[in-house]
Amino acid sequence: MKKRIALVTGGIGGLGTEICKHLADAGCIAVAADLGSRPERLAEFQDEIKDYAGKIFFEPFNVADFDSCAALIKQVEATHGPIDILVNAAGITRDTTLRKMSPQQWVDVLKINLDGVFNMCRNVVDSMSDRGFGRIVNISSVNGQTGQFGQTNYSAAKAGMHGFTMALAREVARKGVTVNSVSPGYCNTSMVRAIPENVRSQIVASIPVGRLGEPSEIARVVAFLAADESGFITGANIPVNGGYFIDF
Ligand code: CAA
Ligand code: NAP
């Protein structure tokens, strides 16, 4: 059977890299699409995937720009074939209390974290529906479920992803396309390492399992949802947060 083609936005980030590896281990061709704005991170990424020659590829793009997303998808389709799996993992934080938040900090977070999901899904959904198969996994956050001090922008974007996920899941359910979200808790990546140490240690102390999550603990859930066999799971949100927020 032809290998599934997976496109992972934020693909060279802490979670994205591990997601690409898990998808490649599951037999997919994974394309890590990312801004690639930090040459040192890109070099680290190339080193981390050196055992994945011919299985993981890098493509630069800007998820906040609709035309850039359309061009990326065209490029990936021309090089590798139609996209079977889309993982939306590109994201940023601009944490500050609302009273100090600039309109730019609001717009930047919404544009990358939420508009980016629209930009990508809008450009792949027709092809997936026409071919009768697709897996879309949106990386949301526990902070989209609970809210977080200093994150009105980010919590709004991540909560918005849940609504988007449920609505699109209904639209494409009969076309063989599933749409789900994963809501990680605090994980060991540069995004969390950037939180001031005194604040971060308080957060870690409040996680019931007593530690940050590892990127592989998120990636294995993404790979599970992306599998051919997961066709009956759609419109769902899977929390992976060490017990930080328990819902039913
Ligand atoms: N809860 C309640 N009160 C808090 C608080 C909290 N979590 N954090 C700060 N405060 C208090 C401060 O003590 C201060 O009190 P006083 O005025 O009485 O002294 C008041 O709120 C306001 O403080 P400031 O406006 O001066 O806030 P600041 O500028 O110092 O910092 C902040 C605010 C930037 C939000 C900082 O608290 C912070 O970085 N918090 C971490 C936010 C966070 O968890 N981000 C997650 C990033 S990783 C991620 O997002 C991944 C994911 O999905 C899980
Ligand atoms: P990360 O290491 O910072 O990775 C995010 C990646 O997205 C980075 O490589 C970043 O590139 C890229 N990116 C930013 N803006 C972009 C743009 N405009 N176009 C394309 N790519 C862009 O963060 P992470 O921890 O892996 O987070 C991945 C996703 O999981 C995010 O959506 C995040 O909100 C979510 N999440 C993370 C955690 C956690 O604890 N780590 C928890 C819950 C949810 P640059 O570095 O060049 O900006």
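Structure: above.
Residues numbered from 1 in each chain as written. Chains lettered and ligands numbered in written order. Predicted model: local features only at pLDDT ≥ 70, side-chain atom pairs only at ≥ 80, totals over all residues. Heavy atoms only, no water.

A. Expanded view of the packing of helix α3 (residues 66-80) against helix α4 (residues 103-131). At a minimum axis distance of 8 Å, the contact between α3 and α4 shows a crossing angle of 40°. Between α3 and α4, the angle falls in the class oblique. For the pair α3 and α4, the sense of crossing is right-handed. In this structure, α3 contributes Phe66, Cys69, Ala70, Leu72, Ile73 and Glu77 to the contact, and α4 contributes Phe118, Asn119, Met120, Arg122, Asn123, Val124 and Ser127. (Axes fitted to C-alpha atoms, helices over the stretch in contact; angles between N-to-C directions. Helix = DSSP H or I, 4+ residues; strand = E, 2+ residues; numbered from the N terminus. Parallel < 35°, antiparallel > 145°, perpendicular 65-115°, else oblique. Left-handed = near helix turned anticlockwise from the far one by under 90°. Contact = heavy atoms within 4.5 Å.)

B. A look at the environment of Pro239. Within the element layout of this structure, Pro239 appears in strand β7 (residues 237-240). When its relative accessible area of 43% is taken as the criterion, Pro239 is described as partly exposed. A sequence separation of 146 residues divides Pro239 from Thr93, and the C-alpha atoms of the two residues are 20 Å apart. Contacts of Pro239, omitting those with residues within four sequence positions, involve Gln145 and Ser183. (Buried < 20%, exposed > 50% of the residue type's maximum accessible area, 1.4 Å probe, protein only.)

C. Just the side chain of Arg4, in detail. Within the element layout of this structure, Arg4 appears in the segment before β1 (5-9). By relative accessible area, which is 18% here, Arg4 ends up buried. In this structure the side chain of Arg4 is engaged in a polar contact, spanning 3.0 Å, whose partner is the side chain of Asp228. For Arg4, the contacting residues outside a window of four places in its chain are Gly27, Cys28, Ile29, Asp84, Ile85, Phe133 and Asp228. (Polar contact = N/O pair within 3.5 Å; in protein donor to acceptor, adjacent residues only side chain to side chain.)

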